[in-house]
Amino acid sequence: MALQSLRLEEITASTIDSLRIRKEPEGLHLDYKLAWSLADNKEKREFLADVSSFANATGGDIVFGVREDDGIPVEVVGLQGFREDKDLLMAEQVLTTGLDPRGGGVRFHPVSLANGRTIVIVRIPQSPARPHMIRLGSDQFFLRHSKGKQPMDAQQLRAEFLQSEMALKGFEEFRAERVAALAAGKGPAKMAFSTNVCLHLAPGGEWHDFSADAILQQHLQHFRPMGWIRSMDARPNQLGLILYETLSGDEVSGYVQIFRRGALESVLLLNAGGDDKRISPEYKPVVRAALIEYIKGLRIIGQQPPWRMGLTLLNVEGFAFSVPPLAELRRRATRIGEKNLAAPTQTISSEADVDRALKASCDFFWNTCGFLGSANFDSTGNWRKQQ
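Remember, it's a predicted structure, so these values are computed and weren't measured experimentally.

Caption draft 1: A look at the side chain of Arg-123. Tracing the backbone through its elements, the reader meets Arg-123 in strand β7 (residues 118–124). Given the relative accessible area of 5%, Arg-123 is considered buried. Separated by 2.5 Å, the side chain of Arg-123 and the backbone oxygen of Leu-6 make a polar contact. Other than its neighbours up to four places away in sequence, Arg-123 contacts Leu-3, Gln-4, Leu-6, Arg-7, Leu-8, Ile-11, Gly-60, Asp-61, Gly-105, Val-106, Arg-107 and Ala-352.

Next comes the structure, spelled out in C-alpha cells:
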C-alpha cells in the first residue's frame, strides 16, 4: 500500500520498514532523507525546496531517517538526538517565513524506533495556492517529478499559475450555480424537506468523462447517498448518473449526482427543526464516511487527486446548532444569518486529508454560530466520535 494512502497516525516503524523490504523507490510522491538539519540557510533552503516541490506538484511524503541507494531504501537508520518540540517548531517557522505564498497544510509525524532513534514523516498536500516560491536566498520555484525536484522554468510557471487559478475558479462557479439551483428546489431529485447538507466534490485539475455502465455494474458501493439505510435506486439522467434513496412517493432522503465530467454532488436531509429551529450535529460522521468512499470511487473511475471539496448547509437561515444549554449559554451562540451557509473550498490530496478538510468546514459552521469549533475533532485535527 502506498504510504500516501495511509493516515499519518497509522504509520508505524513497521510501516517504514515495509518500504525497505518492498524496496519502494522514491518517486513523484515519496522522498527519503538520511539526516534532518536546519542549522544554516543552505539547509533551510534545501528543506524549502523539497517541501515546495511537492506542494507545487501533487503532494507527497518525505521520510527522514532512511538511507537510500539510487532512490531505493536500504536501511531504516533513524535520527539521533532529534528534539521533537524544538526541531518541529523550527521547521514550521522556516515554512512560514521561507515560502511565498506561505506554506500551509504541511504535517509532521515522528515515529520512535526500537534503537531509540526517530523517523519523521513530513506530509505535504498539493497546495491550492501553488506555485510557492522560496524567499530564502535567491527567489526560485521548484517542482517534484518522478526523479526528484527541479527548478521550474518560465513556461511551467505560466501554466501553473493559469491552471491553479482556473481550476479553483471553475469549481467555485460550478458550486455556486449548483447551490443556487438546490436552494431554489431545482435539484435532480425532490428532497423531502428543504433544509439539507450538500457536498460537492470535483477533480482539482482536468475533469474527465466517466463510464456510467462501470459504476452501475461494479462500483455502486462507493457512491451511495449519504446515510442510506433502506434501498437505493440508480439511473442515468441528463446530467450523468443519479443514485438516490426514496423516502415516500417521489420524495428522497438523499441522493448522489455524478456529472458527466466527473464532479459529484451529494445531498442529505438535515435533522433540523422544532420550534427553536435546531440542527443536530449527527450529519458530520455521515458526511465523513461518505466522503471517504466517494474519494475511493473517484479514483476508480479515473478522477485523480487532488480534489476540490465544498460543504454547504442549505436553507438554514435562523437555525442554530443543537448543543447542551449550559454550553450554549457559555458561548452565547448566535443563529445563522444566511440562507445557505457555504464553507470555504478545501483541497484534498489523498484519503488522509479528509479529516483536515472536514474539520475546516465544520469549524467554519460552528464559528458562524459563536463556537470555537466542532467538537468532533481533537486539538490535533483528528476525528473523534463525540458530538
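Caption draft 2: Fine view of the environment of Gln-150. Looking at where Gln-150 falls in the secondary structure, it is placed in strand β10 (residues 148–151). Look at Gln-150 and you get partly exposed, because its relative accessible area is 32%. Between the C-alpha atom of Gln-150 and that of Asp-85, which follows or precedes it by 65 residues, the distance is 31 Å. When sequence neighbours within four positions are dropped, the list of residues in contact with Gln-150 reads Phe-141, Phe-142, Leu-143, His-145 and Gln-156.

Caption draft 3: Region of the structure containing the nonpolar core. By size, the foremost hydrophobic cluster in this structure holds 45 residues, and its most contacted members are Val-197, Leu-201, Phe-223, Ile-258, Tyr-283, Tyr-294 and Phe-365. Counting residues per element, the ones that place at least two in this core are β12 (196–203), β14 (240–248), β15 (251–259), β16 (264–269), α6 (283–300), β19 (307–314) and α8 (354–368). Top element by residues in this core is α6. It accounts for seven residues. The contact partners of Tyr-283, leaving out residues within four places of it in the chain, are Val-197, Leu-270, Phe-321, Cys-362, Phe-365 and Trp-366. In terms of nonpolar packing, the next biggest core, distinct from the first, is built from 23 residues, Leu-38, Phe-108, Val-120 and Val-122 among them.

Rules of the game
Residues numbered from 1 in each chain as written. Predicted model: local features only at pLDDT ≥ 70, side-chain atom pairs only at ≥ 80, totals over all residues. Heavy atoms only, no water. Helix = DSSP H or I, 4+ residues; strand = E, 2+ residues; numbered from the N terminus. Buried < 20%, exposed > 50% of the residue type's maximum accessible area, 1.4 Å probe, protein only. Polar contact = N/O pair within 3.5 Å; in protein donor to acceptor, adjacent residues only side chain to side chain. Contact = heavy atoms within 4.5 Å. Core = buried A, V, L, I, M, F, W, Y, C linked by side-chain atoms within 4.5 Å.

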